[in-house]
Amino acid sequence: MLIYVQVLNYNYLSSVFNVLIGAVNFMDELMKNYVDGEFSEEGKRVTIRSPVDGNPITDVILASKRSTIEAIDSAYNAFKGSWSETTIRERQALLSKLAIKIQEKSNEYALMESVNTGKTLRQSMLMDIPLGISHIEYFAGTDEFRFSREIIHPEYPDTKGIVQNAPMGVVGAIAPWNVPFLMAVWKIAPAILTGNTIVLKPSHHTPLTALELAKDISETGFPPGVINIVAGTGNEVGNTICSDDRVSMVSFTGSTATGKKVMAMASESLKKVTLELGGKSPNIVLPDADLDHAAKGILFGIFLNSGQLCESGSRLIVHSSVRETLIKKMTEHLKRMKAGNPMDMETEISAITTEDQLHKIGDLVNEGEGQGARILYQRDLEGSVPENGLYFPPTIIDGITDEMVVGKEEIFGPVLAVSEFNNQDEAVSMANSSKYGLASGLWTRDIKNAITIGSKIEAGTVWINEYHMLSAAAPRGGFKKSGTGRELGLEGILEYTQTRHLFINQKESDLDRVAYGLIISDDQD
Ligand code: NAD
């Protein structure tokens, strides 16, 4: 479901907020954390600035350790209370109500998401927010998830088994800064569907849409404590979540480096951990590909959100016979991509969300150049983007070797590294040479061959003649250093559960006589 809202000649923040969202003016409002059904001011007040142009957007309370512990207390008490008695249908009804509420304010959410992250308003309005809403609707409507199923025990035919998918209890969810609304949805909705309570920590860089979501959650009818949202830093809020004994599971999305720390902390109390981490995803173009289609898809794969997506297709692996034609087609499109204020509906190039990330991208590209990488094309953004904003020009490089950090590490920015191959096996081995394994693209007209190759790629998602398309019904996650566990789909739902087996014997049988006879002989009766 995609919506399109006409907001042409959008004049950043000053007038359009009022035109578009009427009386709502979230910029004057202090955004608070949501703990035990109340809005909490406990913590540190900070001003959030927009990467679009450096202007302040609003003030936010970054939660303290104390309010994080309160959030865990309330999630724990809510789980031990009546929440655990609710049915799947009751929980789905609440999710459904939440989706309707968000839909009514979807423009407002899109504006917040864009002004906070710097992603284009076009992307928030047409992709991130409607996709997030449709994903809540999926969890609210799916009948794939069943609380229990009956089994037979082949060894004991007179008995019966019931396997239940019981909730984990309190889920601690930690999210990155790049797709805050989708992340909040992907963590809250399946955790709630399966009967857990949750403490969500959005990134302190981009907390706005998650804190807005708290307002809608507060009006939807979830009992206090079932969903808590505490924006704050990793050291303060994240550590507290990972080390509290009452949190049974941590669902983490972020960098591989932080994922390792989270896993180490969680191991102290033996929590279940799912990790959705970084990537260095390949896009393979075979010689029989539709090159017009592939050129657009590869650009979409790397330059959507200015490359700040975990599964961004940052490595182009192209057959030598079509390399030149493909690069030419790509650069023609790149020249036409509209640069400007991301809050203008026509702009197609997103800002970089944080200053640290902007420096990291620049440093990696400079280092690569120093080691012999070559810039094939770099779009000039000079004068076309807002002053004081954070921008990095879409860039294509080649001449990458295995030793270069730029070739093997995630850049998380608008930088595409090109390499070429001469036969299919070589392409597969180049694709799999990365320590990461999050996603891959494959461009060819031969679908049978694509399925053969796709089945050899070490990645959680392989798009064939497509990129970035996410379905709520399809599990996503990483092989190798890209993570463990899955998000979305039935596999993603089941991550939030633990199985309980009820073994039912209705009468004494021969089985008992043989089994008990192992230690209790008849003459003891
Ligand atoms: P990050 O690892 O720096 O932070 C992620 C989250 O962890 C943030 O909320 C942060 O505050 C928190 N955190 C930091 N230190 C912590 C600690 N010691 N204990 C607990 N929590 C801590 O990542 P980021 O820079 O916010 O996001 C970018 C990364 O996220 C990229 O590597 C990207 O690939 C990855 N990502 C992965 C997926 C996926 O689904 N695989 C999706 C989006 C982003």
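Residues numbered from 1 in each chain as written. Predicted model: local features only at pLDDT ≥ 70, side-chain atom pairs only at ≥ 80, totals over all residues. Heavy atoms only, no water.

### Here's the deal with the pairing of strand E15 (residues 395-398)
Piece 1. Residues Thr395 and Ile397 line one face of E15 and the alternating positions Ile396 and Asp398 line the opposite face, and both faces are buried.
Piece 2. Pairing analysis gives four bridges linking strand E14 (residues 374-378) to E15, with the strands arranged antiparallel. The residue of E15 that forms the bridge with isoleucine 375 is isoleucine 397.
Piece 3. Bridge count between E15 and strand E16 (residues 415-421): three bridges; the pairing is parallel. Residue pairing across strands places isoleucine 396 opposite leucine 416, the latter belonging to E16. (Buried < 20%, exposed > 50% of the residue type's maximum accessible area, 1.4 Å probe, protein only. Helix = DSSP H or I, 4+ residues; strand = E, 2+ residues; numbered from the N terminus. Pairing = 2+ DSSP bridges.)

### Things to note about the nonpolar core
Piece 1. Phe222, Ile229, Val285, Leu316 and Leu326 are the most contacted members of the largest nonpolar core, which has 98 residues in total.
Piece 2. Mapped onto the domain boundaries, this core takes at least three residues apiece from domain 1 (5-277 + 482-500) and domain 2 (282-472).
Piece 3. Leave out the neighbours within four places in its chain, and leucine 326 touches Val285, Leu291, Ala294, Ala295, Ile298, Leu316 and Val318.
Piece 4. Grouped together as the second largest cluster of nonpolar side chains are 20 residues, Val199, Ile241, Val247 and Leu277 included. (Core = buried A, V, L, I, M, F, W, Y, C linked by side-chain atoms within 4.5 Å. Domains from an automatic or database assignment. Contact = heavy atoms within 4.5 Å.)

### With respect to the site of the ligand
Piece 1. Near the ligand you find 26 residues, and of these Ala175, Ser255, Thr258, Leu277 and Glu410 are the closest.
Piece 2. One nitrogen or oxygen atom from the side chain of tryptophan 177 is found 2.9 Å from an oxygen atom belonging to the ligand.
Piece 3. Between the ligand and glycine 234 there is a distance of 3.4 Å, counted from an oxygen atom to a backbone nitrogen or oxygen.
Piece 4. For the ligand, whose unbound accessible area comes to 840 Å², protein coverage reaches 90%.
Piece 5. If you list the elements that add at least two residues to the shell around the ligand, you get helix H8 (234-243), strand E10 (247-253) and helix H9 (256-267).
Piece 6. Looking at which domains feed residues into the shell around the ligand, each of domain 1 (5-277 + 482-500) and domain 2 (282-472) gives three or more. (Near = heavy atom within 4 Å. Polar contact = N/O pair within 3.5 Å; in protein donor to acceptor, adjacent residues only side chain to side chain. Areas by Shrake-Rupley, 256 points an atom, 1.4 Å probe, with all protein chains shown as cover.)

### Details of unusual backbone geometry
Piece 1. The phi dihedral of asparagine 388 falls on the positive side, at around 65 degrees, and the residue is not glycine.
Piece 2. In this structure, asparagine 388 sits in the loop between E14 and E15.

### Topic: the sheet that holds strand E5 (residues 148-151)
Piece 1. Spatial strand order, E5-E6-E22: three strands in an open sheet with antiparallel pairing. The sheet terminates laterally at E5 and strand E22 (497-505), the two strands that pair on one side only. Each adjacent strand pair in this sheet contributes to an overall mean axis angle of 20 degrees, direction not counted.
Piece 2. Two strands pair when backbone bridges link them, and strand E6 (residues 159-167) and E22 are joined in this way by nine bridges, in the antiparallel orientation. Within E22, the residue paired with glycine 161 across the bridge is phenylalanine 503. (Axes fitted to C-alpha atoms, helices over the stretch in contact; angles between N-to-C directions.)

### Let's talk about the domain arrangement of the protein
Piece 1. On domain assignment, one finds that the protein holds domain 1 (5-277 + 482-500) and domain 2 (282-472).
Piece 2. A separation of 29 Å is found between the C-alpha centroids of domain 1 and domain 2.
Piece 3. Of the residues lining the interface, 39 residues belong to domain 1; the matching set on domain 2 comes to 35 residues.
Piece 4. Here domain 1 packs against domain 2, burying approximately 3,000 Å² in sum over the two surfaces, 62% of which is carbon and sulfur.
Piece 5. Broken down residue by residue, the surface that domain 1 buries against domain 2 is led by Arg122, Trp177 and Ser482, which jointly contribute 20%.
Piece 6. Applying the counting criterion to the domain 1 and domain 2 interface returns 15 residue pairs in polar contact (both at pLDDT 80 or more).
Piece 7. Counting residues per element, the ones that place at least two in the side of domain 1 that touches domain 2 are helix H4 (106-117) and helix H5 (121-141).
Piece 8. Tallying contributions element by element places H5 first for the side of domain 1 that touches domain 2, with nine residues.
Piece 9. Tallied by class, the residues present in the side of domain 1 that touches domain 2 amount to 20 nonpolar, 15 polar and four charged. (Buried area = accessible area lost by both parts, 1.4 Å probe. Nonpolar A, V, L, I, M, F, W, Y, C, P; charged D, E, K, R; others polar.)

### Quick word on the environment of glycine 118
Piece 1. The topology assignment puts glycine 118 in the loop between H4 and H5.
Piece 2. Accessibility expressed as a relative area gives 0% for glycine 118, which makes it buried.
Piece 3. Note: C-alpha distance between glycine 118 and alanine 173 (55 residues apart in sequence) is 23 Å.
Piece 4. Each residue touching glycine 118, except ones within four places of it in the same chain, is listed here: Pro51, Val52, Glu113, Pro342, Ser350 and Ala351.

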